[in-house]
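Read off the chains here:
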Amino acid sequence: MSDQATSGLTPSEVLPAPARFLAHHFSSMEAQSETSKLGIWLFLGSEVLFFSGLFTAYGVYRANHYSLFRYAHHFLDWRMGALNTVVLVTSSLSAAWSVRCAQLGQRRGLNATLFLTLLLAGAFLVVKYFEYSHKLHNGIAWGAACHPSEHILDTLPPAVRAVPVPSDLGTFFSIYYLMTGLHGIHVLVGMGLYVWLLARAGRGDFGPGYYVPVDTVALYWHLVDMIWIFLFPLFYLI
Amino acid sequence: MHSGEDLTAPGATQGSYLEHGRGLRSWLFTLDHKRIGIMYLVLIAICLVLGGVFAMVLRFHLWNPSGGLVSNDVYNKMFTLHGAVMIFLFVIPGIPSALGNFIVPLQVGAKDVAFPRLNLLSFWLFVAGAALFIATLVVGGLDTGWTIYPPYSLESSRGLGILLALTGVFLAGFSSILTGVNFITTIHRMRAPGMGWFDLPLFLWALYATGIIQIFATPVLGITVALGFLERLFHLGIFMPEYGGDPVLFQHFFWFYSHPAVYIMILPAMGIVSEVVSVFSRKPIFGYRFIAMSSIAIALIGFLVWGHHMFVSGQSKWANVIFSFLTLLVAIPSAIKVFNWLATMYKGAIVLKTPMLYVLSFFGIFGVGGLTGLFLGALATDVPLHDTYFVVAHFHFVMVGGVLIAFLAGLHYWWPKMTGRMYDERVGRIAAVLIFLGFNVTFIPQFFAGVAGMPRRYATYAAEHQGLNRVSTVGAIVLTLGLVIALWGLLASLRRGARAPANPWGAASLEWTAASPPTHDNFDVAPRGRKPYDFTGLRLVSEEAGWARAEGEGA
Amino acid sequence: MNENPAGTATGEPRGVHVMPPSVLIGTAAALLALTAVTVTSSRIDLGEWNVVVALAIACTKAALVALFFMHLKYENRFQLVILVSAALFAVLFVAFVMFDTTQYQPSIRAAERHVEQRAP
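Residues numbered from 1 in each chain as written. Chains lettered and ligands numbered in written order. Predicted model: local features only at pLDDT ≥ 70, side-chain atom pairs only at ≥ 80, totals over all residues.

### Let's talk about the overall build of chain A
- Looking only at helices and strands, chain A has nine helices and zero strands in total.
- In chain A, the succession of helices and strands from N to C terminus is α-α-α-α-α-α-α-α-α.
- C-alpha extents for chain A along the principal axes are approximately 70 × 35 × 25 Å.
- For chain A, restricting intrachain contacts to residue pairs at least 6 apart in sequence, the fraction spanning at least 24 positions comes to 79%. (Helix = DSSP H or I, 4+ residues; strand = E, 2+ residues; numbered from the N terminus. Contact = placed C-beta atoms within 7 Å.)

### Description of the overall build of chain B
- Looking only at helices and strands, chain B has 15 helices and two strands in total.
- Here the C-alpha radius of gyration of chain B, 23 Å, is about what a compact globule of 555 residues would show, namely 24 Å.
- Structurally, chain B occupies a C-alpha span of about 75 × 45 × 45 Å along its principal axes. (Rg over C-alpha atoms; globule rule 2.2 N^0.38 Å.)

### Details of the interface of chain B and chain A
- Tallying the contact residues gives 27 residues for chain B and 25 residues for chain A.
- Of all the elements in the fold, those that place two or more residues in the side of chain B that touches chain A are α6 (161-189), α7 (202-234) and α8 (247-279) of chain B.
- A total of eight residues in the side of chain B that touches chain A trace back to one element, the largest contributor, which is α7(B).
- The residue inventory of the side of chain B that touches chain A, partitioned by class, reads 17 nonpolar, seven polar and three charged. (Nonpolar A, V, L, I, M, F, W, Y, C, P; charged D, E, K, R; others polar.)

### Topic: the pairing of strand β2 (residues 546-549) of chain B
All names here are of chain B.
- As defined by bridge partners, strand β1 (residues 538-542) adjoins β2 across four bridges and the pair is classed as antiparallel. In the strand pairing of β2, L540 is matched with W547.
- Here β1 folds back onto β2, and the loop between the two strands holds three residues. (Pairing = 2+ DSSP bridges.)

### Comments concerning the confidence of the model for chain A
- Confidence in the prediction of chain A, expressed as mean pLDDT, is 90, and 92% of residues score 70 or more.
- Taken together, the stretch residues 1-16 of chain A has pLDDT below 50 and engages in 28 contacts with residues farther than four places along the chain or on a different chain. (pLDDT = per-residue confidence, 0-100.)

### A few points about the packing of helix α11 (residues 354-377) of chain B against helix α13 (residues 389-419) of chain B
Residue and element names in this part refer to chain B.
- One can describe the packing of α11 onto α13 by two numbers: an axis separation of 8 Å at closest approach and a directional angle of 160°. Taken together, α11 and α13 sit at an angle that is classed as roughly antiparallel. Crossing angle aside, the handedness with which α11 passes α13 is left-handed.
- When the residues that make up the contact of α11 with α13 are grouped by side-chain class, the tally is 16 nonpolar, 10 polar and no charged. (Axes fitted to C-alpha atoms, helices over the stretch in contact; angles between N-to-C directions. Parallel < 35°, antiparallel > 145°, perpendicular 65-115°, else oblique. Left-handed = near helix turned anticlockwise from the far one by under 90°.)

### Remarks on the interface of chain C and chain A
- Taken residue by residue, the interface counts 45 residues in chain C and 48 residues in chain A.
- For the side of chain C that touches chain A, the secondary structure elements donating two or more residues are α1 (21-42), α2 (49-69) and α3 (77-118) of chain C.
- Residues that form the side of chain C that touches chain A fall into these classes: 29 nonpolar, 13 polar and three charged.

### Looking at α1(C)
- For α1(C), built from 22 residues, the straight-helix expectation of 32 Å at 1.5 Å per residue is met to within 8% by its first-to-last C-alpha distance of 32 Å.
- Considering only its buried residues, α1(C) is in contact with α4 (78-104) and α9 (212-237) of chain A together with α2 of chain C. (Expected span 1.5 Å × (residues − 1).)

### A closer look at helix α4 (residues 94-108) of chain B
Residue and element names in this part refer to chain B.
- With 15 residues, α4 should cover 21 Å at 1.5 Å per step; its first-to-last C-alpha distance of 20 Å lies within 8% of that length.
- Of all the bends in α4, the greatest, near 60°, is centred on G100.
- With 15 of 15 residues buried, α4 lies mostly within the body of the structure.
- Two residues or fewer past α4, G109 is found with a positive phi of approximately 85°. (Bend = angle between axes of the 7 residues up to and from the residue. Buried ≥ 20, exposed ≤ 12 C-beta atoms within 10 Å, placed from the backbone.)

### Regarding the environment of B:F325
- Among the structural elements, B:F325 can be located in helix α10 (residues 317-345).
- Linking B:F325 and B:G377, residues 52 residues apart in sequence, is a C-alpha distance of 8.0 Å.

### Some thoughts on the environment of B:R158
Residues and elements named next belong to chain B.
- Along the chain, R158 falls in the loop between α5 (116-138) and α6.
- A tally of 18 C-beta atoms within 10 Å means that R158 is categorised as partly exposed.
- Along the chain, R158 and D143 lie 15 residues apart, while their C-alpha atoms are 9.0 Å from each other.

### A closer look at the environment of B:P532
- Structurally, B:P532 can be placed in the loop between α15 (466-496) and β1.
- As for B:P532 and B:S324, which are separated by 208 residues in sequence, their C-alpha atoms are 38 Å apart.

### Some words on unusual backbone geometry
Residue and element names in this part refer to chain B.
- A cis amide bond links P150 with the next residue in sequence, P151, at an omega value of 0°.
- Relative to the helices and strands, P151 resides in the loop between α5 and α6.
- Each neighbour pair has its own omega, and for S516 with P517 the value is -10°, a cis peptide bond.
- Of note, P517 is situated in the loop between α15 and β1.
- Within the chain, I148 stands out as a residue other than glycine whose phi angle is a positive 35°.
- Along the chain, I148 falls in the loop between α5 and α6.

### A look at the confidence of the model for chain B
Residues and elements named next belong to chain B.
- Of all residues in chain B, 97% have pLDDT values of 70 or greater, and the mean over the chain is 94.
- This model gives residues 1-12 a pLDDT under 50, and the stretch forms 14 contacts once residues within four places in sequence are excluded.
- For this predicted complex, the interface confidence score (ipTM) comes to 0.92, while the overall pTM stands at 0.93.

### Looking at the nonpolar core
- Residues B:V85, B:M265, B:A269, B:V273, B:V276, B:A406 and B:A409 are the most contacted members of the largest nonpolar core, which totals 281 residues.
- Discounting chain neighbours no more than four positions away, the residues touching B:V273 are B:W341, B:V359, B:F362 and B:A406. (Core = buried A, V, L, I, M, F, W, Y, C linked by C-beta atoms within 7 Å.)

### Describing the packing of helix α2 (residues 29-64) of chain A against α3(C)
- Close contact between α2(A) and α3(C) brings their axes to 8 Å; oriented N to C, the two are set at 20°. Our classification of the angle between α2(A) and α3(C) gives roughly parallel. The interaxial crossing formed by α2(A) with α3(C) has right-handed handedness.
- When the residues that make up the contact of α2(A) with α3(C) are grouped by side-chain class, the tally is 18 nonpolar, 10 polar and no charged.

Set out below in structure tokens:
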């Protein structure tokens with residue numbers, strides 16, 4: 001990922017003919033790129049509002065069931081949450097770096113950073129899988145179906161274990177599964193987008209003359225990271 | 001003269017977007033914004049007819065105080081689907097998707113919208129959403145009212161209809177968000193050289209403001225219906241009290257979108273009014289910047305007033321007071337527009353063609369609709385009027401008298417551009433007058449019924465309201481007749497209408513420099529921006545050739 | 001609105017800002033450091049301030065992601081306006097609904113007590 005010269009590649013491989021990807025209704029590649037970026041930002045704005053509904057549900061229930069939330073967050077392992085935060089931050093780094101590689105025509109770097117982002121996204125979902133399956137196997141589902149097993153109750157800190165299980169524990173976990181689940185779906189979609197980018201990068205589509213798909217997908221990925229930046233403390237830490 | 005020529009005859013639209021590619025696939029998978037606009041227009045018109053059928057069932061049922069046309073249960077389903085179909089499938093998408101898609105690139109001077117493939121995706125999402133609404137009829141319908149409040153709507157004994165409807169709304173909403181993204185981006189980035197922000201036709205300012213609402217409000221509806229869907233299936237306990245949830249929370253979620261949604265409905269309508277009033281007064285629009293900025297103001301303030309739908313829901317007193325105050329504020333930018341439109345007409349040379357007749361209807365009806373909103377926005381008067389026919393009349397005045405009538409104005413105004421045909425002016429005028437009369441006879445009695453205490457969403461009513469209800473039903477028949485005649489007049493023009501010139505009205509915005517109908521790429525020569533309400537130099541050459549600028553005159 | 005053709009034959013694209021590795025790595029390092037801070041501070045009992053501190057750190061991290069990873073610091077100002085507006089609308093929604101729901105809780109409790117008293 002250093003600033004190596006693009007030796008060994010012909011100019012057409014470094015810079016694929018922009019005309020191939022220039023849509024007929026744009027006057028130039030720059031016009032098309034700037035327009036695509038504006039479009040993705042507007043879409044990301046809508047995503048923020050989409051998640052805001054769930055943040056509202058979280059805020060409302062936390063404000064009105066404060067002790068429930070203080071109790072329930074002990075069921076979440078902050079180390080898994082922190083690990084996932086590290087995973088996503090690193091994946092954001094590799095996503096941002098992939099844009100740089102495309103801009104500089106560094107094909108090997110581009111492939112490596114795209115692949116690393118994809119791998120880290122997968123790692124996030126693997127950690128999530130372990131978290132979810134551990135909970136579901138121990139009866140921690142959503143709403144009325146939340147019946148924590150003795151086994152998982154015994155893993156709580158003694159001071160918390162001594163407290164009787166709140167009857168509305170399921171409400172906390174409904175919100176937990178909703179928010180982390182919706183976020184997880186967005187991670188999955190992101191993985192699909194990175195597979196698509198890798199396929200196109202493999203064909204040599206991207207270079208200094210055309211890299212807007214790498215840029216726009218990375219912007220989407222950074223938003224996914226930003227949502228997690230809020231989810232992690234809200235569920236695991238406070 | 002080519003009037004009377006069959007549209008399908010060779011040569012009628014040679015070289016236009018209608019001829020560019022033939023066969024069903026060339027339409028269903030088109031990337032041409034004009035074809036997408038036409039497809040939306042056809043589907044939206046069908047939805048209007050469907051919603052109208054439900055409405056007529058209601059009005060005939062209400063002929064008698066004890067009902068009798070249908071069972072109470074079917075009545076509940078009828079008003080639910082009337083509302084849901086009209087709101088989600090006609091009033092919200094109508095002007096932006098059917099007219100906006102066609103006109104926006106032409107008005108900015110571009111070949112297409114910013115993201116044509118996204119535009120096609122918007123269309124198919126809308127089709128899927130509409131299909132799911134229709135499917136609710138098949139599985140037994142929905143009787144919750146279009147506002148689908150829990151706990152009733154999410155109870156396990158409700159059938160599958162609610163799940164289909166929630167999914168339909170989600171898809172239609174996603175379609176709306178993508179349309180907003182497309183329009184804002186197009187207006188930002190694809191303007192012709194020389195077209196600054198304050199050279200934009202006001203229709204584009206209106207759609208820009210609408211796009212802001214589409215992008216920021218609709219996702220909240222999306223999460224609301226998704227939560228409702230999951231609550232119904234998995235008993236999450238977010239909205240249902242029996243599982244620990246809060247039903248008033250649903251109302252906050254629902255109205256955070258659904259109030260701004262009414263501005264998604266009215267802003268494009270106001271954009272059309274600005275265009276038509278200027279052209280048919282032969283005068284530049286008065287207070288251009290005020291009208292432009294008031295569109296943005298309405299979009300922004302519209303986000304702050306949703307609780308006025310919840311004054312009697314259990315919302316806190318503080319919330320009630322704050323929302324009531326802010327609601328009265330949002331009337332101001334609308335009033336600014338009305339004064340500017342009237343000032344445009346003052347000392348203008350009024351041309352009473354069909355689009356202008358609709359716009360004049362708009363001033364009267366929307367004006368009353370807006371004023372009656374004040375009664376509902378003020379806390380003390382809202383409490384007795386809530387859930388009565390006063391509310392029903394108020395929103396029909398603004399949605400039908402405002403949006404539908406402006407839609408008809410725009411449809412007639414841009415019909416020559418879209419189809420290359422002139423509609424019959426006499427038929428258009430007769431329909432416009434019938435619609436104005438029919439509308440008022442239908443809905444004015446409902447204000448009085450509401451003040452007298454007649455509640456909404458009831459299949460029966462107290463005998464004292466019979467007279468008002470019967471007058472209303474007669475009005476509905478006249479209104480339907482007017483709409484049928486309007487529709488027939490437009491469709492007949494496709495076969496029998498005179499060939500339309502590029503600029504039949506003497507308008508100055510860019511779409512009138514393209515052919516009627518336009519070619520696939522819209523403009524033969526890339527246009528330059530110019531003042532959209534500067535009519536200097538425009539002369540009527542002849543009825544067939546339309547208006548043109550004399551050499552060297554005007555912008 | 002810009003009509004310049006994009007790119008040159010080799011090297012950096014003309015007029016486009018490429019993120020230097022130092023900024024990218026520095027941002028990632030700052031994010032990881034702030035993650036450690038938020039975890040550590042959550043283990044200290046600050047009462048109600050724990051929530052405030054956690055949210056403040058999260059907002060700082062989000063700002064770093066937005067300004068540097070999403071390169072808003074170097075982009076057209078309007079894109080920052082979009083993100084900030086979206087965040088403001090979201091905050092408006094969350095805050096007002098939280099405010100109203102907390103305000104009407106007493107009337108819910110009064111209704112629940114009323115129902116209990118009337119139950120046989």
